[in-house]
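Residue-level structural notes
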Amino acid sequence: MELSKNYIPSATEEKWYKHWTDKKYFNSHPDGRPSYTVVIPPPNVTGVLHMGHTLNETVQDILVRKARMSGFNACWVPGSDHASIATEAKVVQMLKEQGIDKSTLSREEFLKYAFEWKEKYGGIIYSQIAKLGCSVDWDRTTFTMDDHYYKAVMKVFVDLYNKGLVYRGARMINWDPAAKTALSDEEVEFKDIVGKLYYLKYRLADTSAETTDKNESDQSFENYITIATQRPETIMGDTAICVNPNDERFAHLKGKYAIVPLIDRRIPIIFDEYVDPTFGTGALKVTPAHDINDYNLGLKHNLEVVDTLNEDGTLSEAAQIYVGVERFAARKKVLVELKEKGYFLKEEEYPSRLGYSQRSGVVVEPRISTQWFLKMKEMAGPALRAVLDGEIKIHPGEKFLATYKYWLENVKDWCISRQLWWGQQIPAWYDDKGNVFVAETREQAASLKLQASRAEQQDGESLQLAADSLQLTQDSDVLDTWFSSWLWPMEVFKGISDPGNKEVDYYYPTSVLVTGQDIIFFWVARMIMAGMHYKNVKPFSDVYFTGMVRDKQGRKMSKSLGNSPDLLDLIDKYGADAVRFGIMISSPAGNDLLFDEASLEQGRNFNNKLWNALKLVKIWEGRQMAEDTKEIVDDNFELVDETKQLFGEIDHLPNEAHLDHANYAINWFANRLQQVRADVEILYSQFRLSEALKVIYSLIWDDFCSWYLEWIKPGFDQPIEDEVYHKTIQFFEELMQLLHPFMPFITEEIYHLLSDKQDDLCVKQFSAIKEANHEILTSGELLKQVISALRDARNKSQLKPKETIKLFIQSEHSEVYRKIESILLKQVNAETISYVQETVANATVVAIEKDKFYIESERKADIQAVKAELLKDLEHQKGFLQSVLKKLSNERFVANAKAEVVDLEKKKQADAEARIRTIEESLANLV
RNA sequence: GGGAGCAUAGCUCAGUUGGUUUAGAGCAUCUGCCUUACAAGCAGAGGGUCCGCGGUUCGAACCCGUGUGCUCCCA
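Looking at an unreviewed UniProt entry, one finds chain A named Valine--tRNA ligase, with Segetibacter aerophilus as its source organism. Quoted straight from UniProt, the Sequence similarities (unreviewed entry) entry for chain A says "Belongs to the class-I aminoacyl-tRNA synthetase family. ValS type 1 subfamily."

1. A look at the sheet that holds strand E23 (residues 540-546)
Taking strand neighbours across the sheet as the criterion, the 3 strands line up as E15-E23-E22 in an open arrangement whose pairing is parallel. For this open sheet the edge positions go to strand E15 (393-395) and strand E22 (510-516), each flanked by a neighbour on one side alone. Strand after strand, the sheet turns through a mean of 20 degrees between neighbouring axes, direction not considered. Here E22 pairs with E23 via 6 bridges, running parallel. By the bridge assignment, Thr 515 is partnered in E23 with Phe 545. The strands touched by helix H2 (residues 51-68) within the sheet are E22 and E23, with E22 carrying the most contacts at an inclination of about 160 degrees.

2. Observations concerning the protein's contact with RNA strand B
The full set close to RNA strand B counts 53 residues, and Arg 353, Lys 609, Asn 612, Asn 890 and Asp 911 are the nearest of them. Per the 4 Å cut-off to the protein, sugar and phosphate atoms form 61% of the nearby atoms of RNA strand B. For RNA strand B, a phosphate oxygen lies 2.9 Å from a polar atom in the side chain of Ser 788. Between RNA strand B and His 876, the relevant distance is 3.0 Å, taken from a base oxygen to a main-chain nitrogen or oxygen of the residue. Where the surface near RNA strand B is concerned, the elements lending two or more residues are helix H10 (397-409), helix H18 (597-620), helix H21 (689-712), helix H24 (774-796), helix H27 (863-889), helix H28 (891-896) and helix H29 (899-926). It is H18 that contributes the most residues to the surface near RNA strand B, 10 residues altogether. Considered class by class, the residues forming the surface near RNA strand B number 16 nonpolar, 14 polar and 23 charged.

3. Some remarks on the packing of aromatic side chains
Counted according to the given criterion, the structure contains 42 aromatic pairs. An angle of 20 degrees between the planes, with centres 5.5 Å apart, marks the rings of Tyr 167 and Phe 373 as stacked. Taken together, the positions of Tyr 167 in strand E5 (residues 166-176) and Phe 373 in strand E14 (residues 365-374) put the pair 206 residues apart, joining distant regions of the chain. Under the relative-accessibility criterion, Tyr 167 is labelled buried at 16%. Look at Phe 581 and Tyr 697: their rings are 5.4 Å apart centre to centre, the planes differ by 50 degrees, and that puts the pair in the tilted class. Taken as a pair, Phe 581 in helix H17 (residues 576-585) and Tyr 697 in helix H21 lie far apart in primary sequence, 116 residues in all. You can call Phe 581 buried: its relative accessible area is 1%. Look at Tyr 697 and you get buried, because its relative accessible area is 19%. One aromatic cluster is present, formed by Tyr 664, Trp 668, Phe 669, Phe 704, Trp 707, Tyr 708, Trp 711, Phe 731 and Phe 732 through successive ring pairs. We note Arg 367 situated over the ring of Trp 175; from NZ or CZ to the ring centre the distance is 4.7 Å. One cation-aromatic arrangement involves Lys 535 over Tyr 508; the distance from NZ or CZ to the ring centre is 5.5 Å.

4. Some thoughts on helix H22 (residues 722-739)
The end-to-end C-alpha distance of H22 is 26 Å, a good match for the 26 Å that 18 residues give at a rise of 1.5 Å each. Of all the 18 residues making up H22, 16 are buried; the element is thus mostly covered by neighbouring parts of the structure.

5. Structural notes on the pairing of E5
Taking burial as the measure, the 11 residues of E5 include 8 buried ones, the bulk of the element. Here E5 pairs with strand E6 (residues 181-183) via 3 bridges, running antiparallel. Within the sheet, the bridge partner assigned to Asn 174 lies in E6 and is Leu 183.

6. Digging into a nonpolar patch on the surface
Where nonpolar side chains cluster on the molecular surface, the patch consists of Val 48, Tyr 121 and Ile 124 and spans about 220 Å² of accessible area. Mapped onto the elements, Tyr 121 comes out in helix H4 (residues 107-121).

Cut-off values and rules
- Residues numbered from 1 in each chain as written.
- Chains lettered and ligands numbered in written order.
- Predicted model: local features only at pLDDT ≥ 70, side-chain atom pairs only at ≥ 80, totals over all residues.
- Heavy atoms only, no water.
- UniProt positions renumbered as here; feature names shortened; annotations may be inferred.
- Pairing = 2+ DSSP bridges.
- Helix = DSSP H or I, 4+ residues; strand = E, 2+ residues; numbered from the N terminus.
- Axes fitted to C-alpha atoms, helices over the stretch in contact; angles between N-to-C directions.
- Contact = heavy atoms within 4.5 Å.
- Near = heavy atom within 4 Å.
- Polar contact = N/O pair within 3.5 Å; in protein donor to acceptor, adjacent residues only side chain to side chain.
- Nonpolar A, V, L, I, M, F, W, Y, C, P; charged D, E, K, R; others polar.
- Phe/Tyr/Trp six-rings, centres within 6.5 Å; stacked < 30°, edge-to-face > 60°.
- Buried < 20%, exposed > 50% of the residue type's maximum accessible area, 1.4 Å probe, protein only.
- Lys NZ or Arg CZ within 6 Å of the ring centre and 35° of its normal.
- Expected span 1.5 Å × (residues − 1).
- Patch = residues over 30% accessible without salt bridge, like charges linked within 9 Å, V, L, I, M, F, W, Y side chains within 5 Å.
- Areas by Shrake-Rupley, 256 points an atom, 1.4 Å probe, with all protein chains shown as cover.
- Salt bridge = Lys/Arg side-chain N within 4 Å of Asp/Glu carboxyl O.

Okay, structure coming up:
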């Protein structure tokens, strides 16, 4: 079969993904095997996968595929969440473009449009997940608004309400004036800004007169108090001025009143230690409706609450002036008027922080509003314990444990209601008197009301009203999306809607949760809360936090910066395997990763390397020697003596040495493979996937391609021994298996091209790892070292690759080199190798350990260059010896250090001395 | 303001309980090669005050203190 020059990903990716899904390899059903369960962090239904998702999904796929190939019943559940605010905003926008105003629609009509929109665009994200090669069980795809999921959310809400954990009340909440909904504390992002502090004069009211004189505003400001504020547009909501009781400057104002500028409201001057006398002027204007701290002051001092803002952020009737003007425009107008009327003193720059809505991006308005809340203190305890006790392990732990702990210990109640339509409508019903009945259905709510009225009036006669005739109105708000996604690890297996079912018993708790560190509170902590509350069992054993994906310059990827590449474009350009490789190789666990397309190029090059190695091996196919099929190496990779003899007796073997050195190479690589497999296993267990990939990459590129294949490569047009060929195919297959979780497509493709297969790599189980033989590994390292040093010497002597050399080896253990002679011969392009006892004159000399290698060639050796090289090495060795001697001559070192350490230093000394002798002898020879 | 993390080659990072041949890798750079799988490649090389200062120790990239710089979280 003719193989293309380069690997073409597009040709194979679709084919294999279809094959895997047709074979139902990704579908999981409970069985006797241990489960390995992962639930996808549901991307929101409106979106497309960005680079952060790509990293995330790749990590999960690696873990899941590895588990699937290691005896586990791997189950990866895909899905998406309904993203209340984001989706509603998009649907509203779409309707607007069609000339439809949301306010003209009924709830039902709007939801019909929203579901249509979801059907149309919700699938994009799934096709991207598939493109990336993710081995999810598509039959389990879950959406947070699915019927069973909806019911589960209702059930949980009602249950928590009945337990007294969910309550309704008027509180200061974060209000998004663009989305016109409440937000939770976590949905507010604070940004540093340079704000302005405006100093304003408030006249003091004349205490002698009960009512203020209309003419007062014309009077000069003889008696006034100066306040500093960042929000002059809120002065119309002022209901007090507060000063510190210990501040002597204001002591005389006790019991006095001040007049709010522009609207002439008379407000008391109150005293509270909350006020910092050193900030601003030491006098604080108190606006209980528009600041959380002022709100608390208001509660304490029984102040009036004047809400001067509408839900869309414009000034309300209560403001009296500039009604209907947007808040920031109003600020400008108010300032102008304050200046005109002489209330304005000065302004200064002031570094501050402002809260922005995570969803709409507008400045969040603190607002008093009646909302539904979940008590968090009660939920936090078990969630904290599960992590602190180590039941759930966080990776990387040192970074996030403290954050997690702090949040849970200081958590405030969670505002769970949203003034939106897209989402689970709150299952609370009100009667005309404002009584609330919380139940999963209207009927149950009605019967609750019936019961309540029965309890109230014993008279049964008036209660003939049927439940359905009761005029109940359902709460028009929906629940925060996170109030549904916190049930995710349970409800994807219907653990809430159908508790105790077979599936949830088998798959829960899940194995690992892979997600971004930015949703540690939004989602991770709350999932742990829900899991502990409803199952009293952790939702997952490990949490793996990936870092943020940034661009090359370290900036966060964002739509506004336009620095986030399109995933499908990248896959088109480099192939899915290369994208996976690129993002993983540059992604140290838990650290942010600087995304650079160069790493994808590296991935594509790696694909190509694999492809070319395949081509080389395929050239040998059919060129194998018809041969006795006897094994040449046994299970321990040792050469079987019998086989050795057998080959020795076969006269048509063209190059006995070739088999000999091929056997050496096979033995070495077999052990090297086992060694790396063991290393990779440890790295997996520590979630150090980036390093695992690096190790595998190097094993394939360096050890397999650059060394092993070169060592066993037969001469041009020469045949290859059947056994060497098959052993090589086997190695190649094992390497593909090892790499498969990281780069599933090309590995499956090559696996099948190497030889005819009935099975698929995707589900091929890993064999047990064998203990590697360190002797052969060390020997291989020495061989590599010798080859590299001799090649370096050739380079430095400016020998062309084609020019041959005569190599003389002076060693006390020449048998070591005789065993690998033919490899050495080929690798350094020597025409002969001889063993000598004496130095060889006028040759380039290379000293390695205690052995000396002389290179003789047509080209005269550059004695000066060789000498300089040796002197440099000598200096280094002497310096090293010095440091060792310094330690050994230190009595306290010898007395205190462990015996092994001292012995090691002694060995270092002996080795260094031997090397120095070798170098000095070589130098002497040069003169 | 409170807390956490980080600082090692030009860049991105490893470096396990302090001792493992006077610090390792990948990428980038430089030199030489179109060598019969691969120039998206091969062979080789150079490159470090382990952020500064102080301490503990026989011995510190590693432990402690301190300063500086960066990042993140929280208020």
